[in-house]
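Each chain, letter by letter, is given below.
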2 protein chains.
Amino acid sequence: MATLHRGRQSIIFDRRPALLSYGAIGGKKEHEGPLAAYFDDTSQDTRFRQRSWEKAEQKMQALALETAKRKAGLHDEALGAIFGGDLLNQCVSTSFAVRDTHVPFLGLYGACSTMAESLLLAGMAVNGGYVSTAAAMSSSHFATAERQYRFPLNYGGQRTPTAQWTVTGAGCVLLGQHEKGPFLHAATMGTVVDYGIKDASNMGAAMAPAAYTTLRAHFDDLHLSPEDYDLIVTGDLGAVGEEILQELFQRDGVTLPHYRDCGTMIYDLKRQDVHAGGSGCGCSAVVLCGYLLRRMAKGEYHNILFCGTGALLSPLTTQQGESIPGICHAVAIRDAR
Amino acid sequence: MATLHRGRQSIIFDRRPALLSYGAIGGKKEHEGPLAAYFDDTSQDTRFRQRSWEKAEQKMQALALETAKRKAGLHDEALGAIFGGDLLNQCVSTSFAVRDTHVPFLGLYGACSTMAESLLLAGMAVNGGYVSTAAAMSSSHFATAERQYRFPLNYGGQRTPTAQWTVTGAGCVLLGQHEKGPFLHAATMGTVVDYGIKDASNMGAAMAPAAYTTLRAHFDDLHLSPEDYDLIVTGDLGAVGEEILQELFQRDGVTLPHYRDCGTMIYDLKRQDVHAGGSGCGCSAVVLCGYLLRRMAKGEYHNILFCGTGALLSPLTTQQGESIPGICHAVAIRDAR
C-alpha cells in the first residue's frame with residue numbers, strides 16, 4: 001500500500017491535484033485596499049443587496065463558488081464535493097451558501113485556518129480518487145464577526161493596538177486532475193498549540209506559536225528549508241503575530257527570507273485604520289484566490305507555502321477564563337508538477 | 001488512476017480501513033436508559049468534576065479518545081490525525097479536548113451528523129495512506145446545548161411534543177489497517193437538503209428528507225437495496241423523523257425492513273420524558289461506539305449502514321426567519337472484508 005504520510009504531520013499529494021480555477025469576492029474596505037485590482041468582484045454595499053449581514057456573507061460564498069465554476073466551465077453536476085466553513089456559529093454562511101447546489105458537502109471548522117484546511121482535505125479527496133473535482137472555500141464578514149465575537153457595531157467600542165480587522169470576503173478554489181497547474185504538492189496538518197495567551201484582542205500572538213510548530217514540522221517532515229519556497233505566507237497573524245513568528249524562528253537560528261502575512265497584505269495598515277491588520281477566514285481565502293494565485297499564473301511566484309492560521313476560541317471560553325489555542329494547516333502549491 | 005467514487009455521492013474504501021477500537025462515555029440520564037450496559041463509562045455528575053458544563057463536555061471527549069486509545073494500545077505519538085467536532089459555537093469541546101495531544105487535528109462541523117462525517121473523512125485519510133491511524137470523534141451535552149440553542153435551564157421552558165433531548169455523551173472510533181474488523185466498506189456524502197421546515201423544535205422533520213436523499217443515493221450509487229443491510233440506523237431523527245423517513249420511502253414503494261434510529265434507542269421514550277427522543281452529536285456517537293459496535297463484535301450484526309443526520313441551523317438563522325437545512329452522511333460498516 002502506498003504510504004503518503006511523511007514524518008509526524010505531513011502528507012504528499014503524489015497525483016498532484018490541479019487548482020483548476022479560483023474566485024475571490026471582497027467588500028468595500030477590501031476594495032479600498034492595496035489588493036483591490038485582484039478581486040473578481042467587490043461590492044460597495046456591505047449587505048450585498050441582502051436583508052442581513054449574515055445573508056450577505058452567504059451571498060459572497062455563493063458568488064465565489066459561482067465565479068470559480070464559471071472560470072473552470074464546470075456545472076454543479078460535475079462537482080464531486082464541497083469542503084468549506086466559516087466563523088459564524090454553526091458555520092451557517094457555508095451551509096446556506098451551498099444549500100441549492102445538490103453537491104456533497106463536508107462542513108469544516110478550523111477558525112481562520114479553514115481555507116488551508118479545506119484545500120488540504122479537498123486535496124486528499126481528489127488525490128485519492130474519491131472525487132474527480134472538489135471545491136475548497138471559506139468566508140468572513142466584518143459585521144457578522146463583530147457582533148458575534150465582540151460588540152454591537154453601534155456601541156462604537158474602541159479597539160486595542162493589537163486588534164485585527166475581520167476581512168469581508170470569500171474565496172473558493174476548484175481542484176481536479178489537469179495537465180495545467182498550479183498543483184498541490186504536499187500539506188502539513190496542524191496540531192492544537194496553546195502558549196497560554198488569554199487576550200482575545202491579540203489573536204496574532206495566540207496563533208504565531210501554531211504557525212511556528214506547523215512550519216517546523218513541514219520543514220522537518222519533508223526535509224525542506226525556508227529557502228525552498230519563493231513565498232511562505234501565513235493567514236492572518238497580522239503585524240504582531242508575524243513579528244513573533246520570525247522571532248521564534250530566529251531563536252533557532254533560522255530566518256524566513258521570503259515571508260509575508262495575508263493580514264498585513266490586504267490592507268494599508270496606516271491609511272485604513274485596521275490596527276494590526278486583517279483577520280478572519282476570508283482574509284487568507286481572498287489573498288490566496290485573488291492575489292497569490294494570479295501572481296503565480298503570471299510567473300511571479302513558482303512555489304508557495306500557504307499556511308492558514310486559526311484561533312480556536314469562542315466568546316464563552318474567554319468568559320470562562322480559558323487561554324486561546326491556535327492551529328495552522330499548511331499547503332504547498334507549485335506552478336509545475 | 002484508481003477511481004473510488006461511485007455515482008453522484010458515494011465512495012468505496014477499497015483498502016477496508018478497520019475500526020481498531022471505540023470508546024463511549026455517557027451522562028446520568030443516558031446511564032438510566034436502556035443502553036446503560038454498553039457504555040465504557042458514565043458519570044452521575046453532569047459536570048464530570050469540572051467547573052462548567054462546557055469543560056465537562058471537553059472532558060467527555062478526552063475520555064472517549066483515551067478509552068479508544070487504551071483499548072487499541074495506541075499512544076498519541078502513533079495516532080496520525082484526529083477528525084472531530086461538536087455542537088458548541090466554534091466547536092470548542094473538540095479543540096480543547098485535543099489541545100494536549102499534539103496530534104494533527106482536522107476540525108469538522110456537520111451538526112449532529114458529525115460522527116458519520118468524521119468516520120467518512122478519517123476513512124478517506126486511512127484508506128488513502130495519508131495517515132496510518134486516525135480518530136473520529138464527537139460529543140454533545142444536554143446543558144451546554146440547551147443554554148446555547150434554547151433557554152437557560154433555570155427558565156424551565158416547556159418542551160413541545162416534537163422536541164428532542166440532547167444526549168450527554170461522547171464517542172470515539174480509532175481507524176487503521178488491521179486483519180481483524182469491523183471494516184469500513186463504503187460511504188455516501190450528504191448534500192444539503194431543505195424542505196422548508198421552520199420549526200426549530202421539530203428537527204426530526206427537518207432532517208428526515210436529508211436522510212431519505214442520502215439513503216436513495218447510497219442504494220442507487222452502489223446498486224444496493226435496504227435488504228442488503230441487517231441494520232440501517234439514522235442518527236437522531238427521533239420518533240417524528242423516523243416515521244417521516246419511512247413514509248418517504250413508502251411513497252417509492254420501498255420498505256426499510258431493518259431500520260432503527262439512535263434517538264429512539266438511547267432513551268426509554270415513555271419513562272424518561274424525552275418527548276420525541278434523543279438528539280445531538282453525542283447521540284449517534286455513543287449508540288455507535290457503545291451499543292452497535294459491541295453487538296457487531298458479538299456477531300449479532302454483520303452489516304450496518306450508519307447514517308449521521310444533522311440540522312444545519314443556528315439560533316440566528318431561525319431568528320432571521322430561515323428554514324432548517326438538513327444533511328446526512330452514511331458509512332457502511334461490516335464485520336468481514
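Residues numbered from 1 in each chain as written. Chains lettered and ligands numbered in written order. Predicted model: local features only at pLDDT ≥ 70, side-chain atom pairs only at ≥ 80, totals over all residues.

Glancing now at the overall build of chain A. A tally of regular secondary structure across chain A gives ten helices and 15 strands. For chain A, whose C-alpha radius of gyration is 18 Å, the value lies close to the compact-globule estimate of 20 Å for 337 residues. Overall, chain A is about 55 × 50 × 35 Å in size when its C-alpha atoms are taken along their principal axes. For chain A, buried positions account for 65% of its 337 residues. For chain A, the share of sequence-separated contacts (at least 6 apart) that also reach a separation of at least 24 residues comes to 79%. (Helix = DSSP H or I, 4+ residues; strand = E, 2+ residues; numbered from the N terminus. Rg over C-alpha atoms; globule rule 2.2 N^0.38 Å. Buried ≥ 20, exposed ≤ 12 C-beta atoms within 10 Å, placed from the backbone. Contact = placed C-beta atoms within 7 Å.)

What follows is about the domain arrangement of chain A. All names here are of chain A. Taken domain by domain, chain A consists of domain 1 (5-176) and domain 2 (183-334). Taken over C-alpha atoms, the centre of domain 1 sits 17 Å from the centre of domain 2. Between domain 1 and domain 2, the residue contacts involve 57 residues of the former and 62 residues of the latter. Those elements that place two or more of their residues in the side of domain 1 that touches domain 2 are strand S2 (10-12), strand S3 (18-26), helix H1 (28-31), helix H4 (114-127), strand S7 (133-140), helix H5 (142-149), strand S8 (165-166) and strand S9 (169-176). For the side of domain 1 that touches domain 2, the element with the highest residue contribution is H4, accounting for seven residues. Taken together, the residues that form the side of domain 1 that touches domain 2 break down as 28 nonpolar, 20 polar and nine charged. (Domains from an automatic or database assignment. Nonpolar A, V, L, I, M, F, W, Y, C, P; charged D, E, K, R; others polar.)

The subject of this paragraph is the packing of H4(A) against helix H9 (residues 281-297) of chain A. All names here are of chain A. Their axes nearest at 7 Å, the elements H4 and H9 cross at an angle of 60 degrees. Taken together, H4 and H9 sit at an angle that is classed as oblique. Of the residues in H9, those in contact with Thr-114, Met-115 and Ala-116 of H4 are Cys-281, Ser-284, Ala-285 and Leu-288. Taken together, the residues of the contact of H4 with H9 sort by class into five nonpolar, two polar and no charged. (Axes fitted to C-alpha atoms, helices over the stretch in contact; angles between N-to-C directions. Parallel < 35°, antiparallel > 145°, perpendicular 65-115°, else oblique.)

All names here are of chain A. It is the contact of helix H6 (residues 203-222) with helix H7 (residues 238-251), at a shortest axis distance of 8 Å, that shows an interaxial angle of 35 degrees. Crossing of H6 over H7 shows right-handed handedness. Packed against H6, whose contacting residues are Gly-204, Ala-205, Met-207, Ala-208, Pro-209, Ala-211 and Tyr-212, the element H7 presents Gly-238, Val-240, Gly-241, Ile-244, Leu-245, Leu-248 and Phe-249 at the interface. Per-class residue counts for the contact of H6 with H7 are eleven nonpolar, three polar and no charged. (Left-handed = near helix turned anticlockwise from the far one by under 90°.)

Our focus in this paragraph is the environment of Thr94(A). Residue and element names in this part refer to chain A. Following the sequence through the fold, Thr-94 ends up in helix H3 (residues 92-97). Judged by local crowding, Thr-94 falls into the buried class, with 34 C-beta atoms found within 10 Å. Taking the C-alpha atoms as reference points, Thr-94 and Ala-163, separated by 69 residues in sequence, lie 25 Å from one another. Beyond its immediate chain neighbours, meaning those up to four positions away, Thr-94 contacts Gln-61, Gly-84, Gly-85, Asp-86 and Gly-107.

On to the nonpolar core, then. Ranked by size, the top nonpolar core spans 245 residues in total, and within it Ala135(A) and Ala135(B) carry the most contacts. Setting aside its immediate chain neighbours within four residues, Ala135(A) contacts Leu65(A), Ala68(A), Leu79(A), Ile82(A), Phe83(A), Ala122(A), Cys172(A) and Leu174(A). (Core = buried A, V, L, I, M, F, W, Y, C linked by C-beta atoms within 7 Å.)

Residue and element names in this part refer to chain B. Counting buried positions along strand S15 (residues 326-334) gives nine out of nine residues, so the element sits mostly inside the fold. Across five bridges, strand S10 (residues 183-188) lies against S15 in antiparallel orientation. Residue pairing in the sheet places Ala-186 in a bridge with Ala-332 of S15. (Pairing = 2+ DSSP bridges.)

As a further point, take the interface of chain B and chain A. Counting residues at the interface gives 54 residues for chain B, matched by 54 residues for chain A. Those elements that place two or more of their residues in the side of chain B that touches chain A are strand S5 (81-86), helix H3 (92-97), strand S6 (105-107), helix H4 (114-127) and helix H10 (315-319) of chain B. The leading source of residues in the side of chain B that touches chain A is H4(B), at four residues. Its residues placed into classes, the side of chain B that touches chain A shows 29 nonpolar, 20 polar and five charged.

Turning our eyes to something else, we now look at the relation of the copies chain B and chain A. For the pair chain B and chain A, the best superposition has an RMSD of 0.0 Å and corresponds to a rotation of 180 degrees with a translation of 0.0 Å parallel to the axis. Such values leave the two copies arranged in the relation of a two-fold axis. Ranked by how close their C-alpha atoms come to the rotation axis, the residues of chain B are headed by Leu108(B), at 2.0 Å. (Least-squares fit on C-alpha atoms with pLDDT ≥ 70 in both.)

As a further point, take unusual backbone geometry. With an omega dihedral of 0 degrees, the bond running from Gly181(A) to Pro182(A) counts as a cis peptide bond. Structurally, Pro182(A) can be placed in the loop between S9 and strand S10 (183-188). One non-glycine residue, Phe48(A), lies in the positive phi region at around 45 degrees. You can see Phe48(A) is positioned in the loop between strand S4 (41-42) and helix H2 (53-72). Its identity as a non-glycine residue notwithstanding, Arg16(B) has a phi of 50 degrees, on the positive side. Note that Arg16(B) resides in the loop between strand S2 (10-12) and strand S3 (18-26). The exposure class assigned to Arg16(B) is buried, which follows from the 20 C-beta atoms found within 10 Å.

A few words on the environment of His218(A). Residue and element names in this part refer to chain A. With respect to the secondary-structure elements, His-218 resides in helix H6. When the C-alpha atoms of His-218 and Met-189 are compared, they prove to be 8.8 Å apart, with 29 residues separating the residues in sequence. In this structure His-218 touches Ser-10, Thr-188, Leu-224, Leu-305 and Ala-330, once residues within four positions along its chain are discounted.

Residues and elements named next belong to chain A. The residue Ala-276 is located in the loop between helix H8 (262-265) and strand S13 (278-279) in this model. Its 29 C-beta neighbours within 10 Å are what place Ala-276 among the buried residues. For the pair formed by Ala-276 and Val-233, sequence separation is 43 residues and the distance between their alpha carbons is 16 Å. With sequence-adjacent residues up to four places away left out, Ala-276 is seen in contact with Pro-161, Thr-162, Ala-163, Gln-164, Gly-204, Gly-238, Ala-239 and Val-240.

The next subject is helix H6 (residues 203-222) of chain B. Given a rise of 1.5 Å per residue, 20 residues ought to cover 28 Å, and the 28 Å separating the end C-alpha atoms of H6(B) matches this to within 8%. The positive-phi residue at the C-terminal boundary of H6(B) is His223(B), with phi of around 55 degrees. (Expected span 1.5 Å × (residues − 1).)

Of the residues in chain A, 100% have a pLDDT of 70 or more, and the chain-wide mean is 97. This prediction of the complex comes with two scores: 0.98 for pTM and 0.98 for ipTM. (pLDDT = per-residue confidence, 0-100.)

It is worth spelling out the pairing of S9(A) at this point. All names here are of chain A. With respect to burial, S9 is a largely interior element, eight of its eight residues being buried. Neither face of S9 is open: one carries Gly-169, Gly-171, Val-173 and Leu-175, the other Ala-170, Cys-172, Leu-174 and Gly-176, and all of them are buried. Bridging between S7 and S9 involves eight bridges; their strand directions are antiparallel. Residue Ala-135 lies in a different strand from S9, and its bridge partner there is Leu-174.

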